[in-house]
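Chain residues, written in single-letter form:
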Amino acid sequence: MTDSEVAKVVGAVREDRLWQRHMDMAAFGATPRGGVNREALTPEFAQARQCLLGWTSERGFTSATDPIGNLFIRRPGADGAAAPVVTGSHLDTQPAGGKFDGAFGVLAALEVLEALSDAGIETKRPIELVDWMNEEGGRFQPTTMGSSVFAETLPLATVLATADREGVTIEAALAEMRGQIKTDETREFGFPMAAYVEAHIEQGPVLEATGNTIGIVTDIQGLRWFQVEVMGEEAHAGTTPRANRKDALAAAVEMIETLHRFMYDESDILRFTVGRLDVSPNTPNTVPARALFTIDFRHPDAGVLREAGDHIEEICDAHSGDCDVEVTETITSAPTIFDPAIISLIGDAARHQKLPAMEMISGATHDAKSLAPLCPSGMIFVPCAGGISHNEAESATPADLAAGAKVLAEAVVSLANR
Ligand code: HGY
Ligand code: MN
Ligand code: MN
């Protein structure tokens, strides 16, 4: 493909269409405060997928899904047998999420496919858009679930049996969605990909603060998620002496306080979050019998992640008192280093398009970390206002989204002609 053909595709990327697709997609799970609540495998998530499939089938692109509910949309290439270039992200959101986390990567990928069709250009390789199932890990833990099962770093059977707080399993929720959404084909995990490039909002303040439009992502920091279940005994709040109590919440609070002190990092690089605490029976006048809390621990250094993370269980045990405690690690992601060739391809595209750009590490995790061991992978960031994300106030500008989609177009189309 000649440079002028690549430029033709980049020129066919439409800011207005891309922005409108974001607004249309944000309607599915829209919250009164302007955010989006569209957790994995909910009715709102199924509606969003239906909407995407409506747009893609109008273009004649075909669809496929795999046993964990990842969705692939294919634009054919001249060589149908060639491994596709894949680009995408995730349509599921946090419960108090925004319009752009995940959706931008899926809709920018769609914009690339549409720009190719509008420009009447055929690539050598097929290009596939992907919507990874359950990247967020809110309703069902852990995060990056669909891409991790695809990459076979999480076992399918265990994941299918995972239940949400209402006891609904992934298997049941997937079966329900499959009843509503039909794809042209089904496929197995791990099919060969020539390359993977994901566009995403930065979810941090660096690009905006430095006046850069494009983030050329070099690494993703490592992450370890844990679930801690503390088991005590129900008792009457008025009659039961302290000495006779097995208070699961009191023990959990001590564990959480001690863990925060242990994980305190003066240099503020380490990230430690207890984001969920479920108590039962959760009534004012019964001593809590069960307390379940989650741990999200991240660091760019694999050694810190390992050493500090390996202390979590002993700290919980030390503060369990008369209760029992079970610490389960639900996912471990080593720090991810992206492919130098993809990093320089993205840098070249930003330079060709005269966009201010910088190399950077991702503090957030992304499905791209699951793909990095399988094929040459990379990520493109665009700014979001104030770096705010996982928050209903999350916002981005039409111009920045379009700039990201144009860099994605140049990178993906170049890869699809190799
Ligand atoms: O948690 C994360 O880093 C991602 O935004 N889900
Ligand atoms: Mn995301
Ligand atoms: Mn997210």
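Our structure's up above, just so we're on the same page.
Nothing here was measured: the structure is a model prediction, and the numbers come from that model. Residues take numbers from 1 onward in each chain, read along the sequence in its written order. Chains and ligands are labelled by the order in which they are written, letters from A for the one and numbers from 1 for the other. Only residues with pLDDT of 70 or above have their local features reported here, since the model is predicted, and side-chain atom pairs are shown and tallied only from 80 upward, although totals for entire chains, interfaces and linings are computed over all residues. Side-chain measures here rest on the full set of heavy atoms in the structure, leaving out hydrogens and waters.

Undergrad: Looking at this structure, how should I read the overall build of the protein?
TA: Think of it this way: any DSSP run of H or I at least four residues long counts as a helix, any run of E at least two long counts as a strand, and we number them from the N terminus. Counting its secondary structure elements, the protein contains 14 helices and 15 strands. Computation of the radius of gyration draws on C-alpha atoms alone. For the globule rule, the value is 2.2 Å times the number of residues to the power 0.38. Expected size for 418 residues packed as a compact globule is a radius of gyration near 22 Å; at 23 Å, the protein falls within 12% of this value. Considering only C-alpha atoms, the protein reaches an extent of 80 × 50 × 40 Å along its principal axes. Each residue's exposure class comes from its accessible area (1.4 Å probe, protein chains only) as a fraction of the maximum for that residue type: buried when under 20%, exposed when over 50%, partly exposed otherwise. For the protein, the residues scored as buried account for 57% of the 418 residues in total. Within the protein, counting contacts between residues at least 6 apart in sequence, those at least 24 apart form 81% of the total. Once the 33 positive and 61 negative side-chain charges of the protein are each reduced to a mean point, those two points are 5 Å apart. We call two residues in contact whenever any of their non-hydrogen atoms come within 4.5 Å of each other. None of His or the chain ends enter the tally, which takes Lys and Arg as positive and Asp and Glu as negative. Here the site of a charge means NZ on Lys, CZ on Arg, CG on Asp, or CD on Glu.

Undergrad: What exactly am I supposed to notice about the packing of helix H3 (residues 43-58) against helix H4 (residues 103-119) here?
TA: For any two helices packed against each other, one specifies the crossing angle of their axes together with the interaxial distance. Interhelical geometry of H3 versus H4 gives an angle of 10 degrees and a closest axis separation of 11 Å. Put simply, H3 runs roughly parallel to H4. Every residue of H4 that contacts H3 at Leu 52, Trp 55 and Thr 56 is listed here: Val 106, Leu 107 and Leu 110. Considering only residue class, the contact of H3 with H4 consists of 5 nonpolar, 1 polar and no charged. Only the stretch in contact is used when a helix axis is fitted, and all axes are lines through C-alpha atoms; the angle between N-to-C directions ranges over 0 to 180 degrees. Oblique is the label for any angle not under 35 degrees, not over 145, and not in the 65 to 115 range, which are roughly parallel, roughly antiparallel and roughly perpendicular in turn. As a working rule, the residues Ala, Val, Leu, Ile, Met, Phe, Trp, Tyr, Cys and Pro are called nonpolar, Asp, Glu, Lys and Arg charged, and the rest polar, with Gly in that last group.

Undergrad: When you look at the coordination of the manganese ion (ligand 2) in this model, what are you seeing that I'm missing?
TA: For a metal bound by four donors in a tetrahedral arrangement, the ideal donor-metal-donor angle is 109.5 degrees, while six donors in an octahedral arrangement ideally sit at 90 or 180 degrees. Around the manganese ion (ligand 2), the donor atoms from the protein are His 90 (NE2), Asp 101 (OD) and His 200 (NE2), and they sit 2.1 to 2.3 Å away. Only nitrogen, oxygen and sulfur atoms count as donors, using a 2.8 Å cut-off from the metal that widens to 3.2 Å for Na, K and Ca. Water is left out, so coordination shells may look unfilled. Between the two metal centres, the manganese ion (ligand 2) and the manganese ion (ligand 3), the spacing is 3.5 Å, with Asp 101 acting as a shared donor. In this pair, Asp 101 sits in the loop between strand S3 (85-89) and H4 while His 200 sits in strand S6 (residues 195-201), placing the two residues 99 residues apart along the sequence. Grouping residues by exposure puts Asp 101 and His 200 together as buried.

Undergrad: Would you take a moment to explain the nonpolar core for this structure?
TA: Burial of nonpolar side chains together is a common tendency in soluble globular proteins. Counting 99 residues, the largest nonpolar core has Met 25, Leu 41, Leu 52, Ile 68, Ile 170 and Met 193 as its most contacted members. If one sorts the elements of this core by residue count, H4 sits on top with 12 residues. The residues that make up this core include at least three from each of domain 1 (3-221 + 335-416) and domain 2 (223-333). The term nonpolar core refers to a set of buried residues drawn from Ala, Val, Leu, Ile, Met, Phe, Trp, Tyr and Cys, joined through side-chain atoms within 4.5 Å. Listed in part, the 24 residues of the second largest apolar core include Val 228, Phe 272, Ala 291 and Phe 293. Domains are outlined according to an automatic or database domain assignment.

Undergrad: Any chance you could explain the packing of aromatic side chains here in plain terms?
TA: Both the distance between ring centres and the angle between the ring planes are used here to describe each pair of aromatic rings. Note on aromatic pairs: the rings of Phe, Tyr and Trp (six-membered ring only in Trp) are paired at centre separations within 6.5 Å, and the planes decide the class, stacked below 30 degrees, edge-to-face beyond 60, tilted for the rest. Tallied over the entire structure, the rule returns 7 aromatic pairs. With a centroid separation of 6.0 Å and an interplanar angle of 45 degrees, the aromatic rings of Phe 72 and Phe 150 are classed as tilted. Of this pair, Phe 72 sits in strand S2 (residues 71-75) while Phe 150 sits in helix H5 (residues 145-150); the two residues are 78 residues apart in sequence, bridging distant segments of the chain. Three or more aromatic residues joined by ring pairs make a cluster, and in this case those are Phe 72, Trp 132, Phe 150, Phe 191 and Tyr 196. The side chain of Arg 21 reaches across the aromatic face of Trp 55, ending 4.3 Å from its centre. Two conditions define a charge located above a ring, namely a distance within 6 Å from the ring centre to NZ of Lys or CZ of Arg, and an angle within 35 degrees of the ring normal. Across the ring face of Phe 191, the terminal group of Arg 187 is positioned such that the distance to the ring centre comes to 4.4 Å.

Undergrad: Sorry, what's going on with the site of ligand 1 here?
TA: Any residue with at least one heavy atom within 4 Å of a molecule or strand is counted as near it. Neighbouring ligand 1 are Glu 135, Glu 136, Gln 203, Arg 298, Ala 364, Thr 365 and His 390. Taking Glu 136, its side chain carries an N or O atom lying 2.9 Å from a nitrogen atom of ligand 1. Polar contacts, as counted here, are pairs of nitrogen or oxygen atoms within 3.5 Å of one another; within protein the pair requires one atom able to donate a hydrogen and one able to accept it, and residues that are adjacent in sequence qualify only if both atoms are side-chain atoms. Between ligand 1 and His 390 there is a distance of 3.0 Å, counted from an oxygen atom to a side-chain nitrogen or oxygen. Here the residues of the shell around ligand 1 are counted per class, giving 1 nonpolar, 3 polar and 3 charged.

Undergrad: Before we go on, may I ask you to explain the packing of helix H1 (residues 3-12) against H4 in this structure?
TA: Running from amino to carboxyl end, H1 crosses H4 at an angle of 120 degrees, the nearest separation of the two axes being 8 Å. Considering the relative orientation of H1 and H4, their crossing is right-handed. Taken together, the residues of H4 that come into contact with H1 (itself represented by Lys 8, Val 9 and Ala 12) are Glu 111, Ala 115, Leu 116, Asp 118 and Ala 119. Considering only residue class, the contact of H1 with H4 consists of 5 nonpolar, no polar and 3 charged. In a left-handed crossing the near helix is turned counterclockwise from the far helix by less than a right angle, and in a right-handed crossing that turn is clockwise.

Undergrad: How do you make sense of helix H14 (residues 398-415) when you look at a structure like this?
TA: Residues spaced three or four apart along an α-helix face the same direction, because each turn holds 3.6 residues. The end-to-end C-alpha distance of H14, which contains 18 residues, comes to 26 Å, matching closely the 26 Å that a straight helix rising 1.5 Å per residue would cover. Extensive coverage of H14 is indicated by the burial of 15 of its 18 residues. Residue count minus one, scaled by 1.5 Å, sets the expected span of a helix.

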